[in-house]
Amino acid sequence: SLKRTAVHLTAIDHSYGGVTALRGIDLAVAQGAVLGVVGANGAGKSTLGQILHGTLAPTEGRRTVDGELRSALVPEGRALFKTLSLRENLEVAAYAAGIKGADLRTRLEQTGEWLPPRLRERMGMPAAGLSGGEQQILAIARALMARPDLLIVDEPALGLSPAMVTEVYARLGRLAHEGMTVVLLEQSLTRAVSASHEVVVLHDGRVAAQGEPADPEFLAQAEQAYFDGE
Ligand code: ATP
């Protein structure tokens, strides 16, 4: 492939005590593309996301990254500070990334420009007042404060209206188009297929199918693997 790899997982196994979440995962995440990771509840998506992000050390296997890869994870459920304002949510992320002073102002400005106007106008309001979809956009914006090369989003569509799902996915697609590597952890095969350049189907902690949405043979395999997991 001509594409460079952002993160590479080799022979990854992961167990939580007696519960095995991942088995024998080999995965290369191509730079500047959207990778969709699909699976039912408990298939291992969140575990894989945290290992890709680098915050969870796998029980077995190796994670290698391209140079100075900066990774950001938008967790399932978003984990915003609801009583804090939109701006404060962004600032907290900046502090955590060691961004201060003039740099912080620049980042806030740039991230503010990325936000839709209806959020930009509410920077001083508590995050609790946003709709689920707007909160998801804020959670992504918060992750962007660190200027990640790799953005991992855990179930971005959870609890969103169909229109907001479309908007969130369009925004993630644009980030990839601009060169960011995006990993989507998704319960819906349909959504993952329509939003990703490459799709991995997880079943019971293993890669059950992997390929490109444009490939009909892969799609048939993916559906089979996905519905086996239901
Ligand atoms: P979901 O959509 O429900 O979050 P998932 O595909 O993201 O599912 P994981 O959260 O990675 O799957 O979980 C994979 C397996 O590991 C499941 O059996 C889950 O119960 C188990 N598991 C996950 N986190 C822990 C933990 N901290 N301690 C013990 N078991 C865990």
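See the structure shown above.
Please read all numbers here as calculations on a predicted model, not as lab measurements.

**Notes on the overall build of the chain**
Next up, step 1: If you tally the helices and strands in the chain, you get eight helices and nine strands.
Next up, step 2: For 230 residues, the compact-globule estimate of 2.2 N^0.38 gives 17 Å, and the chain sits close to it at 18 Å.
Next up, step 3: For the chain, the C-alpha atoms occupy an extent of roughly 45 × 40 × 35 Å along the three principal directions.
Next up, step 4: Of all intrachain contacts in the chain linking residues separated by at least 6 positions in sequence, the fraction that spans at least 24 positions is 68%.
Next up, step 5: Where the 22 positive side-chain charges of the chain centre and where its 27 negative ones centre are 8 Å apart.

**With respect to the side chain of Thr-181**
Next up, step 1: Of note, Thr-181 is situated in strand β7 (residues 181-186).
Next up, step 2: Its relative accessible area of 2% is what places Thr-181 among the buried residues.
Next up, step 3: For Thr-181, the side chain forms a polar contact with the main-chain nitrogen of Gly-32, separated by 3.0 Å.
Next up, step 4: Setting aside chain neighbours within four positions, we find Thr-181 in contact with Ala-6, Val-29, Ala-30, Gln-31, Gly-32, Ala-33, Asp-149, Leu-150 and Leu-151.

**Quick look at the sheet that holds strand β4 (residues 60-65)**
Next up, step 1: Reading across the sheet, the three strands line up as β2-β1-β4 and stay open at both edges, with antiparallel pairing between neighbours. Here the strands that pair on one side only, and so sit at the sheet edges, are β2 (19-30) and β4. Across the sheet, the axes of successive neighbouring strands diverge by a mean angle of 15 degrees, strand direction being ignored.
Next up, step 2: The strands touched by helix α1 (residues 45-53) are β1 (5-16), β2 and β4; relative to β1, the strand with the most contacts, the crossing angle is about 130 degrees.

**Describing the site of the ligand**
Next up, step 1: Neighbouring the ligand are 14 residues; Gly-42, Gly-44, Lys-45, Ser-46 and Thr-47 lie closest to it.
Next up, step 2: Contact between the ligand and Gly-44: an oxygen atom at 2.9 Å from a main-chain N or O atom of the residue.
Next up, step 3: Taking 630 Å² as the accessible area of the ligand by itself, protein coverage stands at 62%.
Next up, step 4: Elements supplying a minimum of two residues to the shell around the ligand: β2 and α1.
Next up, step 5: The element contributing the most residues to the shell around the ligand is α1, with three residues.

**Some remarks on unusual backbone geometry**
Next up, step 1: Residue Ala-11 is not a glycine yet carries a positive backbone phi of 50 degrees.
Next up, step 2: Tracing the chain through its elements places Ala-11 in strand β1.
Next up, step 3: The phi torsion at Asp-204 lies on the positive side, around 55 degrees, for a residue other than glycine.
Next up, step 4: Note on placement: Asp-204 falls in the loop between β8 (198-203) and β9 (206-211).

Calculation rules
- Residues numbered from 1 in each chain as written.
- Predicted model: local features only at pLDDT ≥ 70, side-chain atom pairs only at ≥ 80, totals over all residues.
- Heavy atoms only, no water.
- Helix = DSSP H or I, 4+ residues; strand = E, 2+ residues; numbered from the N terminus.
- Rg over C-alpha atoms; globule rule 2.2 N^0.38 Å.
- Contact = heavy atoms within 4.5 Å.
- Lys, Arg positive; Asp, Glu negative; His and termini not counted.
- Charge placed at Lys NZ, Arg CZ, Asp CG, Glu CD.
- Buried < 20%, exposed > 50% of the residue type's maximum accessible area, 1.4 Å probe, protein only.
- Polar contact = N/O pair within 3.5 Å; in protein donor to acceptor, adjacent residues only side chain to side chain.
- Pairing = 2+ DSSP bridges.
- Axes fitted to C-alpha atoms, helices over the stretch in contact; angles between N-to-C directions.
- Near = heavy atom within 4 Å.
- Areas by Shrake-Rupley, 256 points an atom, 1.4 Å probe, with all protein chains shown as cover.

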